[in-house]
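Structural overview for review
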Amino acid sequence: MGNEVLPFLIMVMVQVGYAGMNIVGTLVMDAGMDPFVHIAYRQIIGTISLAPFAYFFEWKTKPQLTSSILFWIFLCSFYGLTVSQIAYFVGLKNSTPTIACALSNLIPAATFLLAIPFGLEKVGFRSKAGQAKVYGTIICVGGAMLLSLYHGPIIIGQSGIHWKFAENTEKKNSTGHVNLILGPLLLIVSTISYSLWIIFQARVSEKYAAPYTSTMLMCLMASFQCVIIGFFVVHDKAAWSLDRMRTIAVLYNGIVCTALGYCLTSWCIQRKGPLYVSVFYPLMLIITVVLSWTLLREKLYLGTVVGSFLTVVGFYGVLWGKDKEKSKSETESHEINTDKLKQQGAN
């Protein structure tokens, strides 16, 4: 019983943590923190947080680090951390936490499309699994387009809960800093970049079986990349100062979402598989919607609700197709091994 309950509780905790990332990130950016500065500090905190895990768990057992592996780790750091997070947080600044979480559900569809040219995925349109992946991808993209291009009437207005930081969000919306075209487009770029990271990370995991060390190196490389980009974009030294709220935000996102989130997710993947972990991602959307409406006084529009629903439906369609393909492959492999054993017994 404990083997089933513990991974479930851990994945719920991880999704709550990621939902909090969107709320905390929105609050500090609305309060004036530049997203480039926020991301640079987050990578630094993530590196420091992961260093003890890499040292105590993998220092003596990690494989040899070659130049080829370093190159793949560099690609992972650039696409999975630098580009993905810059696009995500700048998109979040120009959008809402609800839309940001909804578009994160595009990841399986985007990964499926990008994996085809690399030969890692096959369309297989004649099978039900292949059709589910194709149709799920189309529905995901359709939901994303609806989120990006259609606002519609208000379904649920602002909550009656008053919080001092909510005034910043209202001021941002009233001054027109929310760009419901640019924001979702940047979030889609973040999704595509993150999907590339998943493909490249598969190569890293295959060649370098030291997840804590490789992730620490990714964060370290991304720290240099994000600091350089940050100083190039943000020239004002005062923008790099940390007050109480900014310090809490970078510590939360660096420790909870980068270090702790990765460790807990990796633990669940090892015990339950990647498909089990993926099923929980839409939960982040639900939690974020509730928190955004309650704490940030975010309004819910028809386009946001319908687009989010379609994206989640497409998300599960792609996952169902991949699960069916995996089951079919395992069944065929078992049958082949059984036939070989029978032939050996006959001989």
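All values derive from a computational prediction rather than experimental measurement.

So, about the overall build of the chain. From N to C terminus, the chain includes 13 helices and two strands. Put simply, the chain has 347 residues, and 48% of those count as buried. In the chain, once contacts between residues fewer than 6 apart in sequence are set aside, the share between residues at least 24 apart is 90%. Taken as a whole, the chain presents about 17600 Å² of accessible surface, with 68% of it coming from carbon and sulfur.

This part is about the nonpolar core. Core analysis: the biggest nonpolar cluster contains 48 residues, and Tyr 88, Phe 89, Leu 92, Leu 103, Leu 106, Leu 187 and Val 234 have the highest contact counts within it. In terms of residue count, helix α1 (residues 2-30) provides more of this core than any other element does, nine residues in total. With near-sequence residues (within four places) excluded, Leu 103 lies in contact with Ala 144, Leu 147, Pro 184, Leu 187, Ile 188 and Thr 191. Counting 24 residues, the second largest nonpolar core, distinct from the first, contains Leu 50, Phe 200, Met 221 and Tyr 262.

Let us now look at a nonpolar patch on the surface. On the surface, a nonpolar cluster with roughly 530 Å² of combined accessible area is contributed by Tyr 150, Ile 155, Ile 156, Trp 293, Leu 302, Val 305 and Val 306. If you list the elements that add at least two residues to the nonpolar patch, you get β1 (154-156) and α13 (302-346). The greatest single-element share of the nonpolar patch, amounting to three residues, is contributed by α13. Position of Tyr 150 among the secondary structure elements: in the loop between α6 (128-149) and β1.

The first and last C-alpha atoms of helix α12 (residues 281-295) sit 21 Å apart over 15 residues, in line with the 21 Å expected at 1.5 Å per residue. Where α12 is concerned, the buried positions are Pro 282, Met 284, Leu 285, Ile 287, Thr 288, Ser 292 and Thr 294. Count one or two residues on from α12 and you reach Arg 297, which has phi positive near 55 degrees.

Turning our attention to the environment of Ser 68. On the secondary structure map, Ser 68 appears in helix α3 (residues 67-93). On the basis of relative accessibility, which here comes to 33%, the residue Ser 68 falls in the partly exposed class. Linking Ser 68 and Val 204, residues 136 residues apart in sequence, is a C-alpha distance of 9.7 Å.

This part covers the packing of aromatic side chains. The relation between two aromatic rings is expressed through the spacing of the ring centres and the mutual angle of the planes. Tallied over the full model, the rule gives 14 aromatic pairs. Ring geometry for Tyr 41 versus Trp 240: centroids 6.0 Å apart, planes at 65 degrees, classification edge-to-face. Residue Tyr 41 is located in helix α2 (residues 35-58), and its partner Trp 240 is located in the loop between α9 (211-233) and α10 (244-272); the two are separated by 199 residues in the primary sequence. The partly exposed category is assigned to Tyr 41, whose relative accessible area is 21%. Residue Trp 240 is classed as buried on the basis of its relative accessible area, which comes to 11%. Members of the aromatic cluster, each reached through a chain of ring pairs, are Phe 71, Trp 72, Phe 74, Phe 78, Tyr 79 and Phe 200. Residue placement shows Lys 62 over the ring face of Trp 59; its charged tip is 4.0 Å from the ring centre.

Running from amino to carboxyl end, helix α5 (residues 107-115) crosses helix α8 (residues 182-207) at an angle of 60 degrees, the nearest separation of the two axes being 9 Å. Relative to α8, the element α5 is oriented oblique. Our pair here, α5 against α8, has a crossing hand that is right-handed. On the side of α5, the interface is formed by Ile 107, Ala 110, Thr 111, Leu 114 and Ala 115, while α8 contributes Thr 191, Ile 192, Tyr 194, Ser 195, Leu 196, Ile 198 and Ile 199. A breakdown of the residues in the contact of α5 with α8 according to their chemical character gives nine nonpolar, three polar and no charged.

Once that is clear, we can look at the side chain of Thr 213. Along the polypeptide, Thr 213 turns up in helix α9. Aside from chain neighbours lying at most four places away, what touches Thr 213 is Ala 54, Glu 58, Lys 62 and Tyr 208.

The next thing to look at is the side chain of Ser 195. Here Ser 195 is to be found in helix α8. Among all residues touching Ser 195, those that are not within four sequence positions of it are Ile 107, Ala 110, Thr 111 and Leu 114.

What follows covers the environment of Ser 190. Residue position: Ser 190 is located in helix α8. Ser 190 gets classed as buried once you look at its relative accessible area, which sits at 3%. Once the C-alpha coordinates of Ser 190 and Thr 82 are considered, the two residues, 108 residues apart in sequence, prove to be 9.7 Å apart.

A few words now on the state of the cysteines. Summed over all chains, the structure comprises zero disulfides. Here Cys 219 stays unpaired: no disulfide links it, and the sulfur of Cys 226, its closest cysteine neighbor, is 9.7 Å away. For Cys 219, a relative accessible area of 0% corresponds to the buried category.

Our next topic: the packing of helix α4 (residues 97-104) against α8. Closest axis-to-axis distance for the α4/α8 pair is 9 Å, and the angle between their directions is 35 degrees. Crossing hand, α4 versus α8: right-handed. Two secondary-structure elements touch here, α4 through Ile 99, Ala 100, Leu 103 and Ser 104 and α8 through Pro 184, Leu 187, Ile 188 and Thr 191.

Parameters and conventions
All residue numbers here refer to positions counted from 1 along the written sequence of the relevant chain. Note on the predicted model: pLDDT of at least 70 is required for a residue's local features to be given, and 80 or more for side-chain atom pairs to be given and counted; whole-chain, interface and lining totals, by contrast, use all residues. Remark: hydrogens and water are excluded; side-chain values derive from all non-hydrogen atoms of the structure. The helix and strand labels rest on DSSP assignments: H or I over at least four residues marks a helix, E over at least two residues marks a strand, and numbering proceeds from the N terminus. A 1.4 Å probe rolled over the protein chains alone gives each residue an accessible area, and that area as a share of the maximum for its type sets the label: buried under 20%, exposed over 50%, partly exposed in between. In this analysis, two residues are considered to be in contact whenever any of their non-hydrogen atoms come within 4.5 Å of each other. Residue exposure ignores everything except the shown protein chains as possible cover, and the areas themselves are Shrake-Rupley values with a 1.4 Å probe. In these notes, a set of buried Ala, Val, Leu, Ile, Met, Phe, Trp, Tyr and Cys residues joined through side-chain atoms within 4.5 Å is what counts as a nonpolar core. Each patch groups residues whose relative accessible area exceeds 30% and which form no salt bridge, using 9 Å between like charges and 5 Å between nonpolar side chains of Val, Leu, Ile, Met, Phe, Trp and Tyr. Each salt bridge in this description consists of a side-chain nitrogen of Lys or Arg and a carboxyl oxygen of Asp or Glu lying within 4 Å of one another. Expected helix span is given by 1.5 Å per residue-to-residue step, counting one fewer step than there are residues. We call Phe, Tyr and Trp rings a pair once their centres come within 6.5 Å, taking the six-membered ring for Trp, and we label the pair stacked below 30 degrees between planes, edge-to-face above 60, and tilted otherwise. The rule is short: NZ of Lys or CZ of Arg within 6 Å of the ring centre and within 35 degrees of the ring normal puts a charge over the ring. Here, axes are lines fitted to C-alpha atoms. For helices the fit covers the stretch in contact, and angles between N-to-C directions go from 0 to 180 degrees. Here roughly perpendicular refers to angles of 65 to 115 degrees, roughly parallel to angles under 35, roughly antiparallel to angles over 145, and oblique to all remaining angles. Crossing handedness follows the turn of the near helix against the far one: under a right angle anticlockwise gives a left-handed crossing, and clockwise gives a right-handed one. Polarity classes work like this: nonpolar for Ala, Val, Leu, Ile, Met, Phe, Trp, Tyr, Cys and Pro, charged for Asp, Glu, Lys and Arg, and polar for all others, with Gly in that last group. Counting rule for disulfides: a pair of cysteine sulfur atoms within 2.5 Å.

Taken by themselves, the reported measurements are silent on function.
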